[in-house]
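Spelled out, the chains give:
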Amino acid sequence: MVTAETLAARRETIAGSSDLTRLLARLGERAAPVLKRLPPIPSAKALLSVDGGVCPDDGTTLRFDPWSPTAHECPRCGKSYGGERHERWWARFQHLWVAERAAHLAALAAFAGHDAAGARARELLGHYGTHYFEYPNRDNVLGPSRLFFSTYLESIWLTHYLAAAMMLRESGCLDRATADGVARVADEAATLIGEFDEGFSNRQTWHSTALAAIAVWFEDEELLRRAVEGPTGLISHLLQGFGRDGMWFEGENYHLFALRGLLLGLDWVRSAGVDPLEEPELATRARAALEAPALTALPDLTFPARKDSRFGTSLAQPMYLELWEAGRGSAPGTAPDELDDWLAGLYDAPAPAAESFDSYLHEAGEPPPTRRSRADLSWWMLLAMAPTFQGDATRWRPGSTFLESQGLAILRTGGRYASLEAGAYGGGHGHPDRLHLTLHERGVHWLADFGAGSYVSRDLFWYRSTLAHNAPRLDRASQEPGDAVCEFFDAKSGWSWVRGRFGPVSRTLVSGPDYLLDVVELDSEVDHRIDLPWHLAGRLDLRSAGAWQADSLAGELVTDAERQPIGPGDQVRVVASQSGQTLALVSRGATELLRATAPGPPGAGPTPFVVLAGEGRGPRFVSVLAPSPLSLEVDGDAIAVTTGATIHRHQPIPDGWEVALSPADLVRLGGRRALPRVFEPLVTREPPLRQSGVALHLSAVPPLNGTVEGFDRDEALALDHEDQYRRSEEPYSGPDDFSAVAFVNWDDDALYLAVDVTKPEIVLRAGDAPPLLLDNEPDDIHSDGVEIFLRVEPDAKPYGFLVVPDPDGRSLRTRAVQGFAGEPAMVTGAWTATDSGYVVSLALRVPEWGTRQASDRVGFDLLVNEMLSDRERRAGQLVWSGGGGWVWLKGDRQDPERFGELELA
């Protein structure tokens, strides 16, 4: 990250800058507790679990205190909790915090000649140099890791760890023994991180940064070239991860995370004498990446919780302040710089309490200041922050904007912020929320995107549903993954508008000085039911005629659902009240109104919401949102909105939208958008060929007694190759340790399957075993057993089943895979142990099977899970269709595009 020459030059810069001098002094003050005593260093590997770090009484995340390894306080109820789960949750942040403190202390030694800080930094580095290999690389959730459960955490940790070592080495403060220990850690980490390439992912940005740090430490030009210029290196992520509009494809939350990793990575690369941002194209994209979250920020300076985001997180968090501080020098704009003005506004805002981020724990255990200044930031800013700052918050006035790559349209009118999601799904962190509406006005976040909550909480499935968004859905089902398109966007004369389309549904927003007009239309050749949820903040007052009747809305966390019909020509009025403000929703076109309760913003508890519904080929909902109820009339395409004595007449025109403010005053909005370019991922890992096999016809039903008795075994399916093994950590050890042969037969009634598994030690999970509480995946994947997938008709939803032998007998325990068709009763059979492993034999009976005949082909896949007795999580799985790779994040699911094919013979 630094050289002796850059250290000397930076010392002079710090000495000549009052801001940097104050920062250096403040860092010295904040180091006092770590200098006074050695912080506790976890002896355990971090664990991701449902209950670790969570208050058992109210579900609140416990407070991370780096000085309290055994007692963890709930900030809501004040109680303290201990135990292994909480301590291993604490270990995640503590390992990261200790590495940060090592870099913090090393910076004091390098820039202030602080000998005691240098000694303590060496002590922290030396501890891991000695003990790093004692942490096991196993039971991981997302990539190989010793200290953590995911590779990206190891990458973040290593970036700080090596930064500390580099600053000490280049300032002459690193002894040979400590340096040798650092080298051993870096060499092992290079193997762990380097073998797990996540392709096009925010996490891979950090992997590449860590590899760049390792390359600089070892002066390894080849590794540095891979980290920077490789297919998934820093430059590729800058140009393709951050779109042409500057926003990371997974939304603001992961944009900010990836951007920090990228900027740190570029600092490492510069220390090797290369600055990628000297290339104009790269500098332009980096500048856009810095601007994008400022352009999409809500009026309260939080970022919208789009896709898998934290909810209500302030962009004035110190970690985010550092992005613009570091980026100002990396990709400067013209003077006066708008980003300087944006940053000045963040410094002027009341300081939010620093949250615990994996990549920033600088203020952990400290009370937040009333206002943050440049002197309150972390050690990195001694290297990256410009010596002066002259932003003016009064100059920052963002207007309506359209982020082309995201398909995100933001309409800013006065103090109103309205946005429409009309773009790409967003990868693995995307939500089924195409055409979602966000509204923030007069200081209230009236219509919010709730983000994702916790990845290990059951309400994650609610937050990842269409019903949890202000977005339309068809036939009471969440939207299928897919991209929306923006057809129009324009802003002029105090008005702005956008129209987006997702499949047969379009949504039009028109924002004017007094109200927001919303038009949702279905244009279909077949009948559908369309639901339009409204998650309005505050207390709701529903004003409509009719009696309420019980109803059932899909979702395990939806309660108290009721509905009432809406007569032809009737309108719905809902008034929301919060913080002394009101917002009225007036709507026409729906034939049914529903109300229910479900999780609101994460941590808020059950919250009421309403749904407008209609049926047919062309339902059309026309709604107005304003501080007080307005008059709304709809006559075909013509819409009249009356405010006081003023009537505004809206209607679509051939190439846009027209608002007649008076007969002589027309506002015409156009802005037709070109269709977006199709996204191509950086890395594809599709199997080269589709696996194929034969299912033989039987004249008699096999006994299904846990043996291969009665099966025709002439056509076997083998699972015994490295390319068929998905591993967690260890590579495939060979067919003698783990393999399977399967026989698939059929008749007019069922598909029959016998799986003979070779595995010396059978590790089965009992049906009545206590919950593992590891995450949201079914516990039975962490057991020996099989997963079966069948697609009978090409366009039908495939069936999926997780089948586990019962350790207390010969029966099978079956679970239907979420998101697939099927019921457990469709699977019947038994299992037996053998000298070399076990055999499962079963019948699979699905409704469509009776129409199958010889020569038909069906989609099929078989997976065999591998559990070891010394593991908390499964070690791997064999996959008949092949493809190899890693087992993480697979759960009990299999991508239907990867299914093999069986010919019925």
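Residues numbered from 1 in each chain as written. Predicted model: local features only at pLDDT ≥ 70, side-chain atom pairs only at ≥ 80, totals over all residues. Heavy atoms only, no water.

K.L.:
Explanation requested: the overall build of the protein in the structure shown.
P.N.:
The secondary structure content of the protein amounts to 16 helices and 39 strands. At 30 Å, the protein has a C-alpha radius of gyration in line with the 29 Å of a compact globule built from 905 residues. When the backbone C-alpha atoms are referred to their principal axes, the protein occupies close to 90 × 85 × 55 Å. When burial is assessed residue by residue, the protein has 58% of its 905 residues classed as buried. Long-range contacts, defined as pairs at least 24 residues apart, comprise 67% of the intrachain contacts of the protein with a sequence gap of at least 6. Within the structure as shown, the protein displays about 34300 Å² of accessible surface, and the carbon and sulfur contribution to it stands at 49%. (Helix = DSSP H or I, 4+ residues; strand = E, 2+ residues; numbered from the N terminus. Rg over C-alpha atoms; globule rule 2.2 N^0.38 Å. Buried < 20%, exposed > 50% of the residue type's maximum accessible area, 1.4 Å probe, protein only. Contact = heavy atoms within 4.5 Å. Areas by Shrake-Rupley, 256 points an atom, 1.4 Å probe, with all protein chains shown as cover.)

K.L.:
Looking at this model, I keep getting lost on the side chain of His528. Mind explaining?
P.N.:
Within the secondary structure layout, His528 lies in strand β13 (residues 528–534). Within the structure, His528 has its side chain in polar contact with the side chain of Asp475 (distance 2.8 Å). When neighbours within four sequence positions are excluded, His528 is seen to be in contact with Leu474, Asp475, Leu522, Gly614, Glu615 and Gly616. (Polar contact = N/O pair within 3.5 Å; in protein donor to acceptor, adjacent residues only side chain to side chain.)

K.L.:
Hey, could you run me through the sheet that holds strand β18 (residues 581–588) in this one?
P.N.:
Strand pairing in a sheet relies on backbone hydrogen bonds. The paired strands run either parallel or antiparallel. In spatial order, the strands read β9-β10-β11-β12-β21-β18-β17-β14; together these eight strands make up an open sheet with antiparallel pairing. Because the sheet does not close on itself, it has two edges, and the strands there are β9 (485–492) and β14 (539–543). Averaged over all adjacent pairs, the angle separating strand axes in this sheet is 15°, with direction ignored. Where β14 and strand β17 (residues 571–578) come together, five bridges link them in antiparallel fashion. Each residue of the ladder has a partner; that of Leu540, found in β17, is Ala576. (Pairing = 2+ DSSP bridges. Axes fitted to C-alpha atoms, helices over the stretch in contact; angles between N-to-C directions.)

K.L.:
Mind showing me how you'd approach the pattern of salt bridges here?
P.N.:
Between side chains of opposite charge, a pair can form when the charged atoms approach closely. Across all of its chains, the model carries 72 salt bridges by this definition. A salt bridge links Lys79 to Asp57, with the nearest nitrogen and oxygen atoms 2.7 Å apart. Here the residue Lys79 occupies a position in the loop between β1 (72–73) and β2 (80–81), and Asp57 occupies one in the loop between α3 (32–36) and β1, the gap between them amounting to 22 residues. The class of Lys79 is partly exposed, set by a relative accessible area of 44%. Asp57 gets classed as partly exposed once you look at its relative accessible area, which sits at 49%. Of the charged contacts, one joins Glu363 and Arg372 as a salt bridge, the two residues approaching to 2.8 Å between their closest N and O atoms. Exposure class is identical for Glu363 and Arg372. Each is buried. If you follow the salt bridges from partner to partner, you end up with Arg473, Arg476, Arg529, Asp531, Asp551, Arg563, Glu592 and Glu615 in one network. (Salt bridge = Lys/Arg side-chain N within 4 Å of Asp/Glu carboxyl O.)

K.L.:
For this particular structure, what's the right way to read a negative patch on the surface?
P.N.:
Together, Glu219, Asp220, Glu221 and Glu222 make up a region of like negative charge exposed at the surface. By the element assignment, Glu221 lies in helix α9 (residues 221–229). (Patch = residues over 30% accessible without salt bridge, like charges linked within 9 Å, V, L, I, M, F, W, Y side chains within 5 Å. Lys, Arg positive; Asp, Glu negative; His and termini not counted. Charge placed at Lys NZ, Arg CZ, Asp CG, Glu CD.)

K.L.:
What is the right way to read the pairing of strand β26 (residues 665–669) from this model?
P.N.:
A regular strand places its side chains so that they alternate between the two faces of the sheet. Direction of pairing for strand β25 (residues 656–662) relative to β26: antiparallel, over a ladder of five bridges. Residue pairing for β26: Glu658 is matched across the bridge by Arg668. From the end of β25 to the start of β26, which pair antiparallel, there are two residues.

K.L.:
Please clarify how unusual backbone geometry should be interpreted in this entry.
P.N.:
Peptide bonds are mostly trans, and most non-glycine residues show a negative phi. Phi angles above zero are rare outside glycine, and Leu435 is one such case at about 70°. Following the sequence through the fold, Leu435 ends up in the loop between β5 (416–421) and β6 (437–441). By relative accessible area, Leu435 is classed as buried at 0%. The backbone of Ser855 shows a phi angle near 85°, a positive value even though the residue is not glycine. The residue Ser855 is located in the loop between β36 (837–844) and β37 (857–866) in this model. Its relative accessible area of 52% is what places Ser855 among the exposed residues.

K.L.:
Even after reading the chapter, I still don't get the environment of Asp518, so can you show me in this structure?
P.N.:
Along the polypeptide, Asp518 turns up in strand β12 (residues 516–522). With a relative accessible area of 0%, Asp518 lands in the buried category. Residues within four places of Asp518 in sequence aside, it is in contact with Arg507, Thr508, Leu509, Leu532, Trp534, Phe621, Val622 and Ser623. At a separation of 2.7 Å, a polar atom in the side chain of Asp518 contacts the side chain of Arg507.

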